[in-house]
Every structure is written in structure tokens, then in C-alpha cells.
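Chain by chain, the residues run as shown.
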Amino acid sequence: RCRMINEDLKYIADHYGLEHQIGKCKEELGELIEAIDSLDERAIIEEIADVEIMISQIKYLRDIPDEQVDVIKKYKISRQLTRIAKEQSNERDN
């Protein structure tokens with residue numbers, strides 16, 4: 001299942017349930033946006049930790065395997081590298 005989730009996070013996720021934890025994740029995502037805007041590195045680090053904790057719980061509760069997410073991440077990274085290569089090619093041609 002999820003390699004990033006430990007027994008404590010499973011307990012917390014099971015206790016609150018998916019609907020509650022989705023709301024909490026949204027709250028934490030908003031706090032991360034605020035921290036990024038503030039440029040406060042400590043706040044950014046704390047909010048990244050909170051968001052990662054919530055994402056781990058949602059993946060667990062929705063039974064989303066890390067491997068499935070990893071495949072999509074690799075695809076998206078590859079697609080962006082292709083876009084950058086095309087941009088650089090176009091810049092050289094101009």
C-alpha cells in the first residue's frame with residue numbers, strides 16, 4: 001500500500017475518516033499557500049510537513065498506491081522536460 005504511511009497516521013486517518021481529512025487537507029493546503037507567500041522558510045517547512053501528512057492519509061483512505069502516483073509523476077516530469085527542450089530549440093532557431 002502506501003510506503004509513506006505509518007501506523008500512527010493510519011490510526012489518525014481511520015479515526016477521523018475521509019471526509020474530515022479531505023477538509024483538513026484543504027485547510028493545510030491554504031496554510032501552505034499563505035506560508036509560501038510570506039517567504040518565512042520555517043513556516044513553509046512546517047506547512048509542507050502538514051500537507052505531506054494529510055496527503056499520506058488521503059492516499060491511505062482512498063487506497064491510492066504510491067506506485068500509481070509515481071507513474072503519473074514520472075509522466076508529468078517527462079512531459080515538462082519535452083516542453084523545455086522544445087522551448088530551447090525554438091530559442092536557438094530565433
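Residue positions are counted from 1 within each chain, in the order its sequence is given. A pLDDT threshold of at least 70 governs which residues receive local features in this predicted model, and a stricter bar of 80 or more applies before side-chain atom pairs are shown or counted, although totals over entire chains, interfaces and linings include all residues. Think of the side-chain values as coming from all heavy atoms in the structure, minus any hydrogens and water.

## Some details on the overall build of the protein chain
Here is step 1 of the chain: Along its length, the protein chain carries four helices and zero strands.
Here is step 2 of the chain: A run of H or I in DSSP becomes a helix once it reaches four residues, and a run of E becomes a strand once it reaches two; helices and strands are each numbered from the N terminus. Each helix (α) and strand (β) of the protein chain, taken in turn from the N terminus, gives the series α-α-α-α.
Here is step 3 of the chain: The C-alpha atoms of the protein chain give a radius of gyration of 18 Å, which is well past the 12 Å a tight globule of 94 residues would have.
Here is step 4 of the chain: Across its three principal directions, the C-alpha atoms of the protein chain cover 60 × 35 × 20 Å.
Here is step 5 of the chain: Only protein chains enter the accessibility calculation, which uses a 1.4 Å probe; a residue whose area is less than 20% of its type maximum is buried, one above 50% is exposed, and one in between is partly exposed. Counting over 94 residues, the protein chain shows a buried share of 21%.
Here is step 6 of the chain: The contact criterion used throughout is that any non-hydrogen atoms of two residues lie within 4.5 Å. Counted over contacts in the protein chain with a minimum sequence separation of 6, partners at least 24 positions apart contribute 71%.
Here is step 7 of the chain: Total accessible area computed for the protein chain in this model is approximately 7400 Å², and 54% of it derives from carbon and sulfur atoms.
Here is step 8 of the chain: The charge count treats Lys and Arg as positive and Asp and Glu as negative. His and the chain ends do not count. The atoms used to mark charge sites are NZ of Lys, CZ of Arg, CG of Asp and CD of Glu. Of the side-chain charges in the protein chain, 15 are positive and 22 negative, and the distance between the mean point of each set is 9 Å. Every radius of gyration here is taken over C-alpha atoms, with the globule rule written as 2.2 Å times N^0.38, N being the number of residues. To be clear on the numbers: accessible area is Shrake-Rupley with a 1.4 Å probe, and residue cover counts the displayed protein chains and nothing else.

## As for unusual backbone geometry
Here is step 1 of the chain: Not every positive phi belongs to a glycine, and L39 is a case in point at roughly 65°.
Here is step 2 of the chain: You can see L39 is positioned in the loop between α2 (18-38) and α3 (41-61).
Here is step 3 of the chain: For D63, which is not glycine, the phi dihedral falls at a positive 55°.
Here is step 4 of the chain: Tracing the backbone shows D63 in the loop between α3 and α4 (66-93).
Here is step 5 of the chain: Residue D63 is classed as partly exposed on the basis of its relative accessible area of 47%.

## So, the environment of E19
Here is step 1 of the chain: Along the chain, E19 turns up in helix α2.
Here is step 2 of the chain: Take E19: its relative accessible area is 73%, and that puts it in the exposed class.
Here is step 3 of the chain: The spacing of E19 and Q57 is 38 residues in sequence and 11 Å in space, taken between C-alpha atoms.

## A closer look at the pattern of salt bridges
A side chain with one charge can pair with a side chain of the opposite charge if their charged atoms come near.
Here is step 1 of the chain: Should a side-chain nitrogen of Lys or Arg be within 4 Å of a carboxyl oxygen of Asp or Glu, the pair is scored as a salt bridge. Tallied over the full model, the rule gives five salt bridges.
Here is step 2 of the chain: For R42, the salt bridge is made with E46, and the minimal N-O distance between the two is 3.4 Å. A residue pair is termed a helical-turn pair when its members lie 3 or 4 positions apart in one helix, as R42 and E46 do in helix α3 at four residues.
Here is step 3 of the chain: Among the salt bridges present, the one from K59 reaches D66, with a minimum N-O distance of 2.4 Å. Accessibility assignment for this pair places K59 and D66 in one class, buried.
Here is step 4 of the chain: Residues joined in a network through salt bridges with shared partners are K24, E27 and E28.

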